[in-house]
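Take a look at the letters that make up each chain.
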Amino acid sequence: MLLRRFTRSLWNSSRFEKRFLVSEPAKPEPDMLDGVEPVQAEALDKDICLLVDEKDNIIGTAPKKDCHKVGPDGSILLHRAFSLFLFNKRGDMFLQRRSSQKVTYPDYYTNACCSHPLYIDGKPEDIITAARRRVNFELGIPMEQLDPELFTLLTRVHYHDPGDGVWGEHEIDYILFLQADVKVKPNPNEISEYCYVPKNEFNAFLPTLEGPITPWLNMVRRHRLKLWWDNLHRLKELAEPDKIHKFLNEK
């Protein structure tokens, strides 16, 4: 079995996509929040996330920075999020490395896009609308290639992870799958590199990575990924959009 590494050209150019290499990250401005890079700091202040209870009912709003701060007792505000898993028509899964500039889980490997629906113009943003907006921003995929009908909401996951003890996650995470051949031009402020991984190489590929994987990817990997990946052709039959699972994040 041929293992592929992010640090080299992963795919033969005649058959596979090549990884995307980005320029060196910009140096953070010293006057920004805790030394956070300016673009990331602006999002921390301006993005208004949706606070929810354990049944995913919206109970308020808060800036993104407040939703990811770990309290002295380890608590983090519970808020709504989504995690998108992208597959090409061959069934290979998009795997990316988060930029070193990211506030939460910098340099971690993860699925295609992980973000939040926001409170915009006086109302909560729809999950699919949020996913399309953010995938366009992070991966550079043209909006016309992101037909809402291509997205499948599989389930929701409630999880808590303290991160580095300063910034962490406590989310009800909507798990979305999208299978399409799309044009990708990642935003270097968000993603440092990417590749598509064939299903039969995924488990052997993970130990070769040069960093950890995000807790949400790890939970999906352990509990549902194989089932869903094996059944890309009939995902709607397996969808449980009304359920909220609590998966354990075990390594």
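Calculation notes
- Residues numbered from 1 in each chain as written.
- Predicted model: local features only at pLDDT ≥ 70, side-chain atom pairs only at ≥ 80, totals over all residues.
- Heavy atoms only, no water.
- Disulfide = S-S within 2.5 Å.
- Phe/Tyr/Trp six-rings, centres within 6.5 Å; stacked < 30°, edge-to-face > 60°.
- Helix = DSSP H or I, 4+ residues; strand = E, 2+ residues; numbered from the N terminus.
- Buried < 20%, exposed > 50% of the residue type's maximum accessible area, 1.4 Å probe, protein only.
- Pairing = 2+ DSSP bridges.
- 1 Å grid on protein atoms, 1.4 Å probe; cavity = no way out; pocket = protein on both sides within 12 Å on 5 of 7 lines; lining within 4 Å.
- Points joined across faces, edges and corners; volume = space filled by probe spheres on them.
- Nonpolar A, V, L, I, M, F, W, Y, C, P; charged D, E, K, R; others polar.
- Core = buried A, V, L, I, M, F, W, Y, C linked by side-chain atoms within 4.5 Å.
- Contact = heavy atoms within 4.5 Å.
- Arc of directions from axis to C-beta.

A. A look at the state of the cysteines. What the rule picks out here adds up to 0 disulfides. With no disulfide of its own, C67 has C49 as its nearest cysteine by sulfur position, at a separation of 4.4 Å.

B. A look at the packing of aromatic side chains. Tallying each qualifying case throughout the model produces 11 aromatic pairs. Ring centres of Y159 and W216 lie 6.4 Å apart, and the angle between their planes is 45°; this geometry places the pair in the tilted category. Taken as a pair, Y159 in strand β9 (residues 151–161) and W216 in helix α5 (residues 215–223) lie far apart in primary sequence, 57 residues in all. For the pair Y159 and W216, one class covers both residues: buried. An aromatic cluster of at least three residues, connected via ring pairs, comprises F85, F87, F177, F202, W228 and W229.

C. Quick look at the pairing of strand β4 (residues 93–98). Most of β4 is tucked away: 6 of the 6 residues are buried. Along β4, one buried face is formed by M93, L95 and R97 and the opposite face, lined by F94, Q96 and R98, is buried too. Of the pairings in the sheet, the one linking β4 to strand β5 (residues 109–110) comprises 2 bridges and is antiparallel in character. By the bridge assignment, R97 is partnered in β5 with Y109.

D. Local environment of empty space enclosed by the protein. By the definition in use, this model includes 3 cavities of 30 Å³ or more. For the largest cavity, the calculated volume is near 180 Å³. Contributing to the lining of the largest cavity are 21 residues, with R98, T104, C114, H116 and E169 lying nearest its centre. Residue assignment for the lining of the largest cavity shows that the elements contributing at least two residues are α1 (38–46), α2 (64–68), β3 (79–87), β6 (113–115), α3 (127–139) and β10 (169–179). For the lining of the largest cavity, the class distribution of residues is 7 nonpolar, 6 polar and 8 charged. For the second largest cavity, the calculated volume is near 40 Å³.

E. Spatial organisation of the nonpolar core. With 30 residues, the main nonpolar core has F85, M93, F177, L225 and W228 as its most contacted residues. Here the element with the most residues in this core is α5; it accounts for 4 residues. Residue contacts for F177: discarding those within four places in its chain leaves L84, F85, F87, L150, F151, T152, L154, L225, W228, L232 and L235. Counting residues in hydrophobic clusters, the runner-up holds 27 residues, among them L86, F94, A131 and I191.

F. Molecular detail of α1. All of the buried residues in α1 are Q40, A41, A43 and L44. For α1, the angular spread of buried residues about the axis comes to 160°, placing them on one side. In this structure, the buried residues of α1 make contact with β2 (58–63) and α2.

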